[in-house]
Amino acid sequence: MENQWFTISVYSENNVGLLNRISGIFLKRHINIESLNVSKSEIEQVSKFTIVVFTTEDWTRKIVGQIEKQIEVIKAFYHTDDETIYQESALFKIASALLFDERQIQNIIKESNSQIVTVSRDFFVLAKTGRRHEIDEMHDALEPFGILQFVRSGRITVTKEAMPITQLLEESIK
Amino acid sequence: METLNAQKPTKNNNIAMKITGAEAIIHCLLAEGVDLIYGYPGGAIMPVYDELYKFQDKLTHILTRHEQGATHAAQGYARVSGRVGVAMATSGPGATNLVTGLADAQIDSTPMVCITGQVPRHLLGSDAFQETDIVGISTPVTKWNYQITKASEIPEIMAKAFYIAKSGRPGPVLVDITKNAQFDELDFTYEKCTKVRSYNPVPKPDLESIKAAAELINNAKKPYIVWGQGVILGKAEEELKALIEKAGIPAAWTIMGESAIPTSHPLNVGMVGMHGNYGPNVLTNECDLLLAIGMRFDDRVTGSLDTYAKQANVVHFEIDPAEINKNVKADVAVLGNAKDTLAALLPFVKENSHDAWHKEFDKKYEEEFKTVIENDIHPTKPGLTMGEVIEEINIAAKNKAVIVTDVGQHQMIACRYAKFEQSKSNITSGGLGTMGFALPAAIGAKQGAPEREVVAIIGDGGYQMTIQELGVIFQHQIPVKIVVLNNDHLGMVRQWQELFFDKRYASTVMVNPDFVKIAEGYHIEAKSVSKREDLKSAVEEMISSDKPYFLEVKVEKEDNVFPMIPSGASVSDIRLK
Ligand SMILES: Cc1ncc(C[n+]2csc(CCOP(=O)(O)OP(=O)(O)O)c2C)c(N)n1
C-alpha cells in the first residue's frame, strides 16, 4: 500500500488530557502529524480535531480505530483529499518599504488572491487561504524579497459527501 | 441509578454530607464495594491515609513494600475475582512506581483503579517537591485517567473511574488527586456511573455476522478455535464449551485464556504460541476455518503474520472494534461480548464431530509427547526439570490450584503443564511479560480467592525483582505457596543466547543468595530441594501447609523450553528440539 494524504476528523469531549492521548497514538506508531487543528464543531460542546497524516490507508484505519477507542472520543473518521474540501490559512509579515519599491510584490498579491490585513509604517501583513501548495507557491514567490514572519494554520476540512455527521454523532452520544 | 448518601457515623445520616475530599474518596470506594486496597503512603496522599485509619473496620489497606507490588497485587486480585483491583500511591516516585503495573494491566485488560496523590493545585507545574506529571506519564498505559483538582469533582470522577475500568474491554484507570482537593470539603452524594456519552463499551452484536459465522462453521471440514482471555473476562466459559461440544471443534488457548475450559476436556487441544503445543501451532496452518474468540493475535501467538492461517477463513469474535483486522484480517467479524455472541451463535450451529480432524491433533500430540513432554515431566536425566515440578504440584493440589506465574522459562513450562479444572486459575503477565509480577500477584490472588490454593511459580531472576513483598506475606500471614525454580540463570534469555547468540551468556548467569534464609528471615517456613527423591514429599508438604510456604527447587541449569517458534518464523516451523 502506498502512502497518501489522509485527513482524520475526531469529534470529542473537550478535555484537557485528550490531545496528549491522541497524539500518543501517532507517537506509538511512529507516524508524524503533518498538521493539526482543534476547534469547536457543529455540535455544541463537542470539539473537533482535524489531523493530517501522510501514510498508508491501512495504518490510517488502524489509527482511527485506536483513536475512536479513547473514552472521550465520540467518533473519528478519515478521508482522502478527493473526498474533502480543505483549506489552510497563512500570514506573511513583510517590510512596508517593499510594497512600494518592488512592483513584483503587488503582482503577487493580486495573483495569489491574498488580502492585506494591515499596513503600518514598518510592515504589512498578507493573509492567504487556500490549499497547501498554493500557500507554498506564494511563500516561494515572496521569499526572495524577505519575509519577516510566516505562519500557517493546520488544515481544516469539510467533506464533499453529505455526511450526516451531526446525526451520527447525536446517535452515538444518545 | 443507585444513589448513596455517605453515612458519617458522627452526624445525622439524612443530610447531604459535608465531608472532606479525602473522606469522600473512602466513601466512593465503599460505595463501589471495595473492601481491600493495596498501596503505599506519602506526603501528597496523607489525608486519604488518615481517613483509611478511621475506616479500618470497613476497608483494609495492605501496605506492599513497593508501589509496583501494589499494582500487581491489585491485578492478581482482579484476575481471580473478576472485581476491580485498587492501588494507591503518593505523588512523584510513588506514582511513577505504578507505571509498570498500569502498563501490564492495560495490555492484559485487567480492571484496576489507581489513586495517586498530587501536589496542591496552586503548585502544579512548578516542579514542587514530589511533583510528576503522572497524568501525562500514564496516558499511554491507561484506559482513562484524570486529575481531580477540586473536592467537588471526586464522587463523579471516582464513579466514572470504576465504570470505565470494569466495563467493555476492562483496563486500568488512574485518578490523580491534588492535595487541596483532599483537604477541601464538598457536599457528598454518590451515584454509580452507568454511562459515559462518548463511550460505547460493548458493541451491539449483529445477527448477520453471527449467521455468517454459523454458515462458515457448518460448512467447514477442519474448523479450529483459538480462544483468549476475552472468554474469561466476558464470563463466556459455558457458552464456549457448548459451542465446541455441539460443533465438535478442537479448541486451543492463548496463555491469557488458559483455564477457561478444563485441561481434561477432550476438545481442549492445548496452547498456541511461541512455546505452545505442537499440533495447535502447526494445524493453525491446516485448518479451513479459524475461529478467534476473545483473543488479539499477539505476535507471540501468530509468529510471522505473512504465513499465519492464510488458507483459512477467519472469524473474529471480539469486544474491541480496534482489534478487528489489526493483525489478522477477519473474513467475518462478530463484535460484542463473547458471552452474548456465542450464545446467539449456538442455535445456528449444526451438530458435528470432525473425528478425522481430531485425530490429526492426537497424532501431533503423540509426536510432541515423545520428543518433548515425556522428557519434561518424567525425566530420566539426573537434574530436576521444571516440568516435573509442575506435574508434582498438579498431583498434590489435585489440579485445583490457582497458578500464578512470573516471566521466563518457568512461566512457559507452567502454562504448558499446569492442569486446571476451574476458570480464572492461570494468572500470568502475558502481554507485557513483567518479571516481578508473580509474588505480589499471588498475594492479590489469595486475597481475591481466599478459599483457593494459590501457588506462585517464579524464576530466580524475577523473584528478586519483587522479593520484598515477602514482608506482606509475613505481616498478614497470607498463605500463598511460593515455588522458585532456581536455575541460577535468567533462563529464558540464556536460552535465546544459546540458540541465537552462539552461547554468549552475557549477563544471564546469577550468583544467588540463600533463598531459604531470606524466607526464614521473614519467618516463612522454607525448604530447598535439589534431588528427585525429595521433590514429591516437599511439594506435598508445601500444599498441605495452611500457612505461607516457600519452596526452592534447584533445577537443571541449562535446560531449554521446547517446542519453540523462533521469533519471526511461521507457526508451521515450530521446532520440537
Ligand atoms: C522487568 C523485565 N526485565 C527483563 C525482562 C526480559 N526477560 C524475559 S525472561 C527473562 C529471564 C527470566 O529469568 P528467571 O526469572 O530466572 O526465570 P527463568 O527464565 O530462568 O525461568 C528476562 C530477563 C522481562 N521480561 N521483564
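This one's a predicted model, so the numbers in the text were calculated from it and none came from an experiment.

1. Thoughts on the overall build of chain A
1) Next: If you tally the helices and strands in chain A, you get six helices and nine strands.
2) Next: Each of the three principal axes of chain A carries a C-alpha extent, and together these read 60 × 40 × 30 Å.
3) Next: Counting all 174 residues of chain A, 28% fall into the buried class.
4) Next: When contacts within chain A are restricted to residue pairs at least 6 apart in sequence, long-range pairs at least 24 apart make up 76% of them.

2. Quick look at the overall build of chain B
1) Next: A tally of regular secondary structure across chain B gives 23 helices and 21 strands.
2) Next: The globule rule puts the C-alpha radius of gyration for 577 residues at 25 Å, and the 24 Å found for chain B is close to it.
3) Next: Each of the three principal axes of chain B carries a C-alpha extent, and together these read 70 × 60 × 40 Å.
4) Next: Counting only residues that meet the buried cut, chain B has 58% of its 577 residues in that class.
5) Next: Within chain B, residue pairs in contact and separated by at least 24 positions form 77% of the contacts whose partners lie at least 6 positions apart.

3. What about the site of the ligand?
Residue and element names in this part refer to chain B.
1) Next: Lining the immediate environment of the ligand, one finds 20 residues, of which G408, M435, G459, G461 and G491 sit closest.
2) Next: Mapped onto the shell around the ligand, the elements with two or more residues apiece are α17 (409-417), α19 (460-463) and α21 (491-500).
3) Next: Here the shell around the ligand is built from residues that sort into six nonpolar, twelve polar and two charged.

4. So, the interface of chain A and chain B
1) Next: Between chain A and chain B, the residue contacts involve 17 residues of the former and 17 residues of the latter.
2) Next: Listed by contribution, the elements that provide at least two residues to the side of chain A that touches chain B are α1 (18-28), α2 (57-69) and β4 (73-80) of chain A.
3) Next: Here the residues of the side of chain A that touches chain B are counted per class, giving four nonpolar, seven polar and six charged.

5. Here's the deal with unusual backbone geometry
1) Next: Note that the residue after F562 of chain B, namely P563 of chain B, is joined by a cis bond; omega there is 0 degrees.
2) Next: Inspection of the secondary structure assignment puts P563 of chain B in the segment after β21 (549-554).
3) Next: Even without glycine at this site, H30 of chain A takes up a positive phi of about 55 degrees.
4) Next: By the element assignment, H30 of chain A lies in the loop between α1 and β2 (35-40).

6. Observations concerning the sheet that holds strand β19 (residues 481-486) of chain B
Each strand in a sheet pairs with its neighbour through backbone hydrogen bonds, running either in the same direction (parallel) or in the opposite one (antiparallel).
Residue and element names in this part refer to chain B.
1) Next: With respect to topology, six strands assemble into an open sheet ordered β17-β16-β18-β19-β21-β20, the strand pairing being parallel. Two strands bound the open sheet, and with one partner strand each, they are β17 (426-427) and β20 (525-529).
2) Next: Examined bridge by bridge, strand β16 (residues 402-405) and β17 share two bridges and lie parallel to one another. Along β17, the bridge assignment pairs I403 with N426.
3) Next: Seen against the sheet, helix α18 (residues 438-448) touches β16, β17, β18 (454-459) and β19 and runs at an angle of roughly 175 degrees to β18.

7. Side note on the environment of G491 of chain B
Residues and elements named next belong to chain B.
1) Next: By the secondary structure assignment, G491 is in helix α21.
2) Next: Residue class for G491 comes out buried when judged on the 30 C-beta atoms lying within 10 Å of it.
3) Next: Expressed as a C-alpha distance, the spacing of G491 and R504, which sit 13 residues apart in the sequence, is 13 Å.

8. Observations regarding the sheet that holds strand β13 (residues 289-293) of chain B
Residues and elements named next belong to chain B.
1) Next: In space, the six strands of this open sheet follow the order β12-β11-β10-β13-β14-β15, with parallel pairing throughout. Two strands in the sheet have a free side with no partner beyond their single neighbour: β12 (268-271) and β15 (332-335). When the angles between neighbouring strand axes are averaged without regard to direction, this sheet yields 20 degrees.

9. Considerations on the environment of I524 of chain B
Residue and element names in this part refer to chain B.
1) Next: Within the secondary structure layout, I524 lies in the loop between α22 (515-521) and β20.
2) Next: Given 19 C-beta atoms within a 10 Å radius, I524 is considered partly exposed.
3) Next: For I524, the contacting residues outside a window of four places in its chain are L470, I473, F474, A519, P548 and F550.

10. Some remarks on the packing of helix α9 (residues 207-219) of chain B against helix α14 (residues 338-345) of chain B
Residues and elements named next belong to chain B.
1) Next: At their nearest, the axes of α9 and α14 sit 9 Å apart, and the two run at 60 degrees to each other. In terms of orientation, α9 and α14 fall into the oblique class. Where α9 crosses over α14, the handedness of that crossing is right-handed. Residue-level inspection shows I210, A213 and A214 of α9 in contact with α14, the latter providing T341, A344 and L345.
2) Next: Grouping the amino acids of the contact of α9 with α14 by side-chain chemistry returns five nonpolar, one polar and no charged.

11. Remarks on helix α23 (residues 532-544) of chain B
Residue and element names in this part refer to chain B.
1) Next: The terminal C-alpha atoms of α23, which comprises 13 residues, lie 19 Å apart, in line with the 18 Å expected from a rise of 1.5 Å per residue.
2) Next: For α23, the set of buried residues is A538, V539, M542 and I543. Along the axis of α23, the buried residues cluster in a sector spanning 125 degrees; they form a single face. In α23, the exposed residues that point more than 90 degrees away from the buried face are E533 and S544.

12. Re helix α15 (residues 355-377) of chain B
Residues and elements named next belong to chain B.
1) Next: Helix length check: α15, at 23 residues, gives a terminal C-alpha distance of 28 Å against a target of 33 Å (1.5 Å per residue), a shortfall beyond 12%.
2) Next: A bend of about 60 degrees at F369 is the largest found in α15.
3) Next: Among all positions in α15, only W357, F361, K364, E368, V372, I373, D376 and I377 are buried.

13. Regarding the nonpolar core
1) Next: Counting residues in each nonpolar core, the largest one holds 190 residues, and the members touching the most others are A87, V113, V175, A456 and V483 of chain B.
2) Next: Broken down by element, this core gets its largest block of residues, nine residues, from helix α7 (residues 154-166) of chain B.
3) Next: Sequence-distant contacts of A456 of chain B, defined by excluding residues within four places in its chain, comprise V404, A438, L439, A442, V480, K481, I482 and V483 of chain B.
4) Next: Counting residues in each nonpolar core, the second largest holds 18 residues, with I8, V10, I51 and V52 of chain A among its members.

14. Details of the confidence of the model for chain B
All names here are of chain B.
1) Next: Per-residue confidence for chain B averages 96 on the pLDDT scale, and 97% of its residues sit at or above 70.
2) Next: Note that pLDDT drops below 50 for residues 1-14; the model gives that stretch 22 contacts with residues more than four away or on any other chain.
3) Next: This prediction of the complex comes with two scores: 0.95 for pTM and 0.89 for ipTM.

15. Some thoughts on the pairing of strand β9 (residues 185-191) of chain B
Two faces belong to every sheet, and in a regular strand the side chains alternate between them.
Residue and element names in this part refer to chain B.
1) Next: Side-chain alternation along β9 places L186, F188 and Y190 on a buried face and E185, D187, T189 and E191 on a face that remains uncovered.
2) Next: With four bridges connecting them, strand β2 (residues 17-20) and β9 associate as antiparallel partners. In the sheet register, M17 faces β9, and the bridge partner there is F188.

16. Quick notes on the packing of helix α3 (residues 67-81) of chain B against α18 of chain B
Each pair of packed helices gets described by two things: the angle between the helix axes and the distance between those axes.
All names here are of chain B.
1) Next: Closest axis-to-axis distance for the α3/α18 pair is 6 Å, and the angle between their directions is 40 degrees. Considering the angle they form, α3 stands oblique to α18. Considering only the axes of α3 and α18, their crossing is right-handed. Facing G69, H72, A73, A74, Q75, G76, Y77, R79, V80 and S81 of α3, the residues of α18 in contact are P440, A441, A442, I443, G444, A445, Q447 and G448.
2) Next: Along the lines of polarity and charge, the residues of the contact of α3 with α18 split into nine nonpolar, eight polar and one charged.

17. A closer look at the environment of A322 of chain B
1) Next: Inspection of the secondary structure assignment puts A322 of chain B in the loop between β14 (313-318) and β15.
2) Next: Not counting the four nearest positions on each side in its chain, A322 of chain B is found in contact with G65, Q66 and K69 of chain A.

Quick notes on the rules
- Residues numbered from 1 in each chain as written.
- Chains lettered and ligands numbered in written order.
- Predicted model: local features only at pLDDT ≥ 70, side-chain atom pairs only at ≥ 80, totals over all residues.
- Helix = DSSP H or I, 4+ residues; strand = E, 2+ residues; numbered from the N terminus.
- Buried ≥ 20, exposed ≤ 12 C-beta atoms within 10 Å, placed from the backbone.
- Contact = placed C-beta atoms within 7 Å.
- Rg over C-alpha atoms; globule rule 2.2 N^0.38 Å.
- Near = placed C-beta within 6 Å.
- Nonpolar A, V, L, I, M, F, W, Y, C, P; charged D, E, K, R; others polar.
- Pairing = 2+ DSSP bridges.
- Axes fitted to C-alpha atoms, helices over the stretch in contact; angles between N-to-C directions.
- Parallel < 35°, antiparallel > 145°, perpendicular 65-115°, else oblique.
- Left-handed = near helix turned anticlockwise from the far one by under 90°.
- Expected span 1.5 Å × (residues − 1).
- Arc of directions from axis to C-beta.
- Bend = angle between axes of the 7 residues up to and from the residue.
- Core = buried A, V, L, I, M, F, W, Y, C linked by C-beta atoms within 7 Å.
- pLDDT = per-residue confidence, 0-100.

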